[in-house]
Amino acid sequence: MTLHLLRLAVGADSLEAMRAWRAEHQIDWQGRPVVPTYTRRPPSRQAELLQGGCIYWVVKGFIRCRQRFIGFDTVDDSDGTSYCRMLMDPELVETDAVPKRPFQGWRYLKPEDAPADLGEGRGGGALPEHLLAELRALGLA
């Protein structure tokens, strides 16, 4: 069964900023390009995440995009602290913008709760960044 993760894109002001950061931090892993993201505790349901699962990114209060999981491994920092390195496909797939309140860490996301890719499903499209910011300022998102 496929499963997804939901995670805040801390420090990302826009999808363009996420794309730029990912391009700068892309690495080679087992002969293919991937983008790493680190977390202290590894997901216990890695097998389900690797069956077509994605990480859905919350950017400025909205789920805005996703990346497909490629793999997981463990790395140590200079102090010897171990981290789970989540390895994702470099491609960011935009999704319908869905409001999401802040949370810490990551959360599992069932496939039926995941937003549709941009242009799929309900016929909607992404709102421009300035409209999303205005909705947030009005307390509507």
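Residues numbered from 1 in each chain as written. Predicted model: local features only at pLDDT ≥ 70, side-chain atom pairs only at ≥ 80, totals over all residues. Heavy atoms only, no water.

Turning our attention to the nonpolar core. L5, M18, I55, W57, F69 and M86 are the most contacted members of the largest nonpolar core, which totals 18 residues. Of all the secondary structure elements, the ones that give two or more residues to this core are α1 (15-25), β4 (54-59), β5 (62-76) and β6 (82-88). Among the nonpolar cores identified, the runner-up in size contains eight residues, and C54, Y56, L109 and A114 belong to it. (Core = buried A, V, L, I, M, F, W, Y, C linked by side-chain atoms within 4.5 Å. Buried < 20%, exposed > 50% of the residue type's maximum accessible area, 1.4 Å probe, protein only. Helix = DSSP H or I, 4+ residues; strand = E, 2+ residues; numbered from the N terminus.)

Our next topic: the side chain of R66. With respect to the helices and strands, the residue R66 is situated in strand β5. Within the structure, R66 has its side chain in polar contact with the side chain of D117 (distance 2.8 Å). (Polar contact = N/O pair within 3.5 Å; in protein donor to acceptor, adjacent residues only side chain to side chain.)

Our focus in this paragraph is the layout of surface pockets. Unoccupied space between atoms shows up once a probe the size of one water molecule is rolled over them. Roughly 240 Å³ of internal volume is contained in the largest pocket. For the largest pocket, the lining is made up of 14 residues, of which A9, V10, W21, R22 and W57 are closest to its centre. Contributing elements (two or more residues each) for the lining of the largest pocket: β1 (4-8), α1 and β3 (32-39). Among the elements that line the lining of the largest pocket, the one with the most residues is α1, at four residues. Residues belonging to the lining of the largest pocket are distributed by class as follows: ten nonpolar, two polar and two charged. (1 Å grid on protein atoms, 1.4 Å probe; cavity = no way out; pocket = protein on both sides within 12 Å on 5 of 7 lines; lining within 4 Å. Points joined across faces, edges and corners; volume = space filled by probe spheres on them. Nonpolar A, V, L, I, M, F, W, Y, C, P; charged D, E, K, R; others polar.)

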